[in-house]
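# Geometric and topological summary
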Amino acid sequence: VSPKGTFWVFVPMGGGPRDLAADNHKKDGMYEIPRCCISQLWCSKNEHKNHALSFVFGAGEVLTVHPGLVTCMKLQHRAAPTERNLVSALRVGMGDKNADPTLTVDEGCVTFNA
């Protein structure tokens, strides 16, 4: 099922996509990315199949998180995401295999355009 509709979130961020963090004490906006993913993909009363999120950064990079990430993580026994697990998955999806060597993110779950 392809995503329906658009959900816009504007969050001022102080860094780029490689600065993603699971640290809620930082005030640069990076913590809000995993929180938005969790609220829209996992806490959506099983409507996550209709949601895709894109985060546009100041330098023009676009990080898009597709609904398939939920299933991808679920199949690896990470169905209830923590911010740290989700940041690792996003980093792996962007090509940083060292973020979590035990995690595989399927093609198309996370796209990154620099």
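Keep in mind that this is a model prediction, so the values were computed, not measured.

### With respect to the overall build of the protein chain
- When helices and strands are tallied, the protein chain shows 3 helices and 3 strands.
- Secondary structure elements of the protein chain occur, N-terminal to C-terminal, as α-β-β-α-α-β.
- Here the analysis covers contacts within the protein chain between residues at least 6 apart in sequence; of these, 54% occur between residues at least 24 apart.
- A total of about 6,700 Å² of accessible surface is found on the protein chain, and carbon and sulfur atoms cover 51% of it.

### Considerations on the pairing of strand 3 (residues 110-113)
- Alternating positions in strand 3 separate cleanly, V110 and F112 being buried on one face and T111 and N113 remaining unburied on the opposite face.
- Looking at chain direction, strand 2 (residues 62-65) and strand 3 are connected through 4 bridges and run antiparallel. Counted as the bridge partner of V65 is V110 from strand 3.

### Observations regarding the environment of G29
- In this fold, G29 is placed in the segment before helix 1 (32-42).
- Considered as a pair, G29 and M13 are 16 residues apart in the sequence and their alpha carbons are 4.5 Å apart.

### Details of the environment of I38
- Within the secondary structure, I38 is located in helix 1.
- By relative accessible area, I38 is classed as buried at 7%.
- Counting along the chain gives 42 residues from I38 to A80, while the straight-line C-alpha distance between them is 9.2 Å.
- In this structure, I38 is in contact with C43, P81, T82, E83 and L86, ignoring residues within four places of it in sequence.

### Details of the packing of helix 1 against helix 3 (residues 83-93)
- Where helix 1 meets helix 3, the axes come as close as 9 Å, and the angle between the chain directions of the two elements is 95°. Between helix 1 and helix 3, the interaxial angle falls into the category roughly perpendicular. Of the residues in helix 3, those touching helix 1 at I33, P34, R35, C37, I38 and W42 are E83, L86, V87 and L90.
- Its residues assigned to classes, the contact of helix 1 with helix 3 shows 8 nonpolar, no polar and 2 charged.

### Focus on the pattern of salt bridges
- With the rule as written, the count across this model stands at 2 salt bridges.
- The closest approach of N and O atoms between R78 and D100, which form a salt bridge, is 2.7 Å. Within this pair, whereas R78 is found in the loop between helix 2 (68-74) and helix 3, its partner D100 is found in the loop between helix 3 and strand 3, the two being separated by 22 residues in sequence.

### Quick look at the sheet that holds strand 3
- Pairing in this open sheet of 3 strands is antiparallel, and the strands run 1-2-3 from one edge to the other. Looking at which strands have only one partner, the edges of the open sheet turn out to be strand 1 (53-56) and strand 3. Neighbour-to-neighbour, the strand axes of this sheet turn through a mean angle of 15°, independent of strand direction.
- In the packing of helix 1 onto the sheet, the strands contacted are strand 1 and strand 2, and the crossing angle to strand 1 comes to about 160°.

### Topic: the side chain of S88
- Of note, S88 is situated in helix 3.
- The buried category is assigned to S88, whose relative accessible area is 13%.
- In contact with S88, not counting residues within four places along its chain, are A99, D100 and L103.

Rules used in this analysis
- Residues numbered from 1 in each chain as written.
- Predicted model: local features only at pLDDT ≥ 70, side-chain atom pairs only at ≥ 80, totals over all residues.
- Heavy atoms only, no water.
- Helix = DSSP H or I, 4+ residues; strand = E, 2+ residues; numbered from the N terminus.
- Contact = heavy atoms within 4.5 Å.
- Areas by Shrake-Rupley, 256 points an atom, 1.4 Å probe, with all protein chains shown as cover.
- Buried < 20%, exposed > 50% of the residue type's maximum accessible area, 1.4 Å probe, protein only.
- Pairing = 2+ DSSP bridges.
- Axes fitted to C-alpha atoms, helices over the stretch in contact; angles between N-to-C directions.
- Parallel < 35°, antiparallel > 145°, perpendicular 65-115°, else oblique.
- Nonpolar A, V, L, I, M, F, W, Y, C, P; charged D, E, K, R; others polar.
- Salt bridge = Lys/Arg side-chain N within 4 Å of Asp/Glu carboxyl O.

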